[in-house]
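Structural features, examined
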Amino acid sequence: MSRITGVIQEDVQAIGEELEPILRPLSGATLLVTGGSGFLCSYFLDTVAYLNDHAWARPCRILCADNLKSGSSQRTEHLACRKDFRFIEHDVSRMLDLDEPVEWIIHGASIASPLIYRRYPLETIDVNVNGTRNMLDLAVKQRARSLLYLSTSEIYGNPDSAHIPTAEGYWGNVSCTGPRACYDESKRLAETLCLTYFRLFKTPVKIVRPFNVYGPGLKLDDGRIIPDLMRAAVSRQPIILYSDGKPTRTFCYVSDAIRAMWSIMMSDQNGAIFNIGNDQEEVTIHQVAERVRKILGPPWVEIQQRVNQDTQYLSDNPQRRCPDLTRLRTRFQWEPKVPLTDGLARTLQSFTQKCGAREAGSRG
Ligand SMILES: NC(=O)c1ccc[n+]([C@@H]2O[C@H](COP(=O)([O-])OP(=O)(O)OC[C@H]3O[C@@H](n4cnc5c(N)ncnc54)[C@H](O)[C@@H]3O)[C@@H](O)[C@H]2O)c1
């Protein structure tokens, strides 16, 4: 049985200890997490497992629904034999019939990597649209106390310069026909569904739009920029950039994002939308690669620029992405705690820890 790395354990412990008072309503209740075998949502499972072990006399029952399309069974193996945990292998694009009540729902199932969603565009549309509708129907049927929907900052597309940093009120600049549209547009429709259910049925849904969250647990073969850099670093191969390295991003360490999402999930902010990210540093892709290189130290790996054989690799790629986090800050007194260099070092440490570095493609 695989274990989670020490870095993930530390993250989860810190999240659990800080947020235990607000998460207490989960004690004795049931939480369903879709996409729980993936990078972000596995942190929700681990937080609750930690609190069941260390804080609560009445455990929270944890249900994880995932079809393992882009997630990994390894990420939940350590939970498999627990009495408070049940894994349901299921495609949430199809209705999920549950034989037990559920009070809390986190809906994170999706195909989030551009590399993978361009390979499975119809499945991506299905999980984002039908999967979200199914979870909303389940929330209505079960009279859920809260449903947290993980949307994306990609719904803003490539924002014009007047809208950077980008606030939740921005309508977006998105192609509805390009190679990314299967993801961006279906996430937009999923948000429409969420707010329609909120207006029609008062479904207690909250929407979050994460901006480039990274950290331990990402799959090394995921195709997103941080895993690509980590894979090169772990194997001491040259870091390959398939762009001119000039587009900018802001990167948010996973524990900061999870703290924000838990706070929103447990709040009364029904029908509200929140950006999730870290606005402390907007860096070019080249600068991130340099940062990873510096953390690695000598012998330095090379940074090389190449043209990707996939001609659509850079189509509709946003040039700048930076969140306006005013809403999150003012309603939750939330601040990011982990600077980029520290977060990259923790991520790299996790990938090189024994169980994380067992093989490229496993989760670190
Ligand atoms: N990580 C980020 O920076 C980021 C940014 C914006 C939005 N998001 C959103 O957050 C959520 C989690 O993203 P992640 O980075 O953890 O990605 P991930 O790929 O690691 O996790 C997604 C999980 O959903 C599962 N899944 C996919 N299709 C499914 C289906 N039809 N039925 C059941 N399970 C299915 C996958 O197997 C995987 O375990 C996604 O909704 C994603 O769109 C993430």
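These figures come from a predicted structure and were not determined experimentally.

About the thresholds
Residues numbered from 1 in each chain as written. Predicted model: local features only at pLDDT ≥ 70, side-chain atom pairs only at ≥ 80, totals over all residues. Helix = DSSP H or I, 4+ residues; strand = E, 2+ residues; numbered from the N terminus. Rg over C-alpha atoms; globule rule 2.2 N^0.38 Å. Contact = placed C-beta atoms within 7 Å. Buried ≥ 20, exposed ≤ 12 C-beta atoms within 10 Å, placed from the backbone. Core = buried A, V, L, I, M, F, W, Y, C linked by C-beta atoms within 7 Å. Pairing = 2+ DSSP bridges. Axes fitted to C-alpha atoms, helices over the stretch in contact; angles between N-to-C directions. Near = placed C-beta within 6 Å. Nonpolar A, V, L, I, M, F, W, Y, C, P; charged D, E, K, R; others polar. Expected span 1.5 Å × (residues − 1). Bend = angle between axes of the 7 residues up to and from the residue. Parallel < 35°, antiparallel > 145°, perpendicular 65-115°, else oblique. Left-handed = near helix turned anticlockwise from the far one by under 90°.

Digging into the overall build of the chain
- A tally of regular secondary structure across the chain gives ten helices and 13 strands.
- Taking 364 residues into account, the globule formula puts the C-alpha radius of gyration at 21 Å, and the chain, at 19 Å, falls close to it.
- Counting only C-alpha atoms and orienting by the principal axes, one finds that the chain spans roughly 55 × 45 × 40 Å.
- Sequence separation of at least 24 residues holds for 82% of the intrachain contacts in the chain that already meet a minimum separation of 6.

A short note on the environment of proline 298
- Its location among the elements puts proline 298 in the loop between helix H8 (285-296) and strand S13 (303-305).
- Classification of proline 298 by C-beta neighbours within 10 Å gives exposed; the count is 5.
- Distance in space between the C-alpha atoms of proline 298 and valine 12 is 31 Å, their sequence separation being 286 residues.

Section: the environment of serine 175
- With respect to the secondary-structure elements, serine 175 resides in the loop between strand S5 (146-150) and helix H5 (181-201).
- Measuring from C-alpha to C-alpha, the distance between serine 175 and arginine 293 comes to 34 Å, with 118 residues separating the pair along the chain.

Structural notes on the nonpolar core
- One finds Ile105, Leu229 and Met261 to be the most contacted residues of the largest nonpolar core, which totals 93 residues.
- Excluding residues within four positions of it along the chain, methionine 261 makes contact with Leu148, Val208 and Ile276.

Side note on the sheet that holds strand S6 (residues 205-210)
- One open sheet accounts for seven strands, arranged S3-S2-S1-S4-S5-S6-S11; its pairing is parallel. Either end of the sheet is taken by a strand with one partner, and the two such strands are strand S3 (85-89) and strand S11 (273-276). With direction set aside, neighbouring strand axes in the sheet form an average angle of 15°.
- In the packing of helix H4 (residues 121-142) onto the sheet, the strands contacted are strand S1 (30-34), strand S4 (104-107), S5 and S6, and the crossing angle to S4 comes to about 175°.

Concerning the site of the ligand
- Every one of the 30 residues lining the ligand counts as a neighbour, but Gly35, Gly38, Gly71, Ala109 and Ser110 are closest to it.
- Counting only elements with at least two residues in the shell around the ligand, the list comes to helix H2 (39-54), strand S2 (61-66) and H4.
- Of all the elements, H2 adds the most residues to the shell around the ligand, at three residues.
- Class assignment for the residues of the shell around the ligand results in 13 nonpolar, 14 polar and three charged.

Thoughts on H4
- Relative to the 32 Å expected for 22 residues at 1.5 Å per residue, H4 spans 31 Å between its end C-alpha atoms, a close match to the ideal helical length.
- At valine 127, H4 shows its maximal bend, which comes to roughly 25°.
- Residues of H4 that are buried: Glu123, Thr124, Ile125, Val127, Asn128, Gly131, Thr132, Asn134, Met135, Leu136, Leu138 and Ala139.
- Where H4 is buried, its residues touch S1, S4, helix H3 (114-119), S5, H5 and S6.

Considerations on unusual backbone geometry
- The step from isoleucine 164 to proline 165 runs through a cis peptide bond, and the omega angle for that step is -5°.
- Position of proline 165 relative to the elements: it lies in the loop between S5 and H5.
- Even without glycine at this site, arginine 143 takes up a positive phi of about 50°.
- Here glutamine 333, not a glycine, exhibits a phi torsion of approximately 50°, which is positive.
- Residue position: glutamine 333 is located in the loop between helix H9 (326-332) and helix H10 (340-352).

Notes on the packing of helix H1 (residues 6-23) against H2
- Two elements in contact, H1 and H2, have axes whose closest approach is 8 Å; the angle formed by their N-to-C orientations is 70°. One way to sum up the angle between H1 and H2 is to call them roughly perpendicular. For H1 against H2, the interelement crossing comes out right-handed. The residues of H2 that touch H1, namely those facing Ile8, Val12, Gln13, Ile15, Gly16, Glu20 and Leu23, are Tyr43, Asp46, Thr47, Tyr50 and Leu51.
- Class assignment for the residues of the contact of H1 with H2 results in seven nonpolar, three polar and two charged.

Details of the packing of helix H6 (residues 225-235) against H8
- H8 packs onto H6 with a crossing angle of 35° between their chain directions and a minimal axis gap of 10 Å. Every pair of crossing elements has a handedness; the one defined by H6 and H8 is right-handed. Facing H6, whose interface residues are Ile225, Leu229 and Ala233, H8 presents Ile285, Val288, Ala289, Val292 and Leu296.
- Looking at the contact of H6 with H8 residue by residue, the classes come out as eight nonpolar, no polar and no charged.

A word on the environment of isoleucine 15
- Within the element layout of this structure, isoleucine 15 appears in helix H1.
- On the basis of neighbour count, isoleucine 15 is assigned to the buried category, with 23 C-beta atoms found within 10 Å.
- Setting aside residues up to four positions removed in sequence, isoleucine 15 forms contacts with Thr47, Ser255, Ile258 and Arg259.

As for H6
- Most of H6 sits inside the fold, with nine of its eleven residues counted as buried.
- Within H6, the full set of buried residues consists of Ile225, Ile226, Pro227, Asp228, Leu229, Met230, Arg231, Ala232 and Ala233.
- On its buried face, H6 is in contact with strand S7 (213-214), strand S8 (239-241), H8 and H10.
- Two residues or fewer past H6, arginine 236 is found with a positive phi of approximately 55°.

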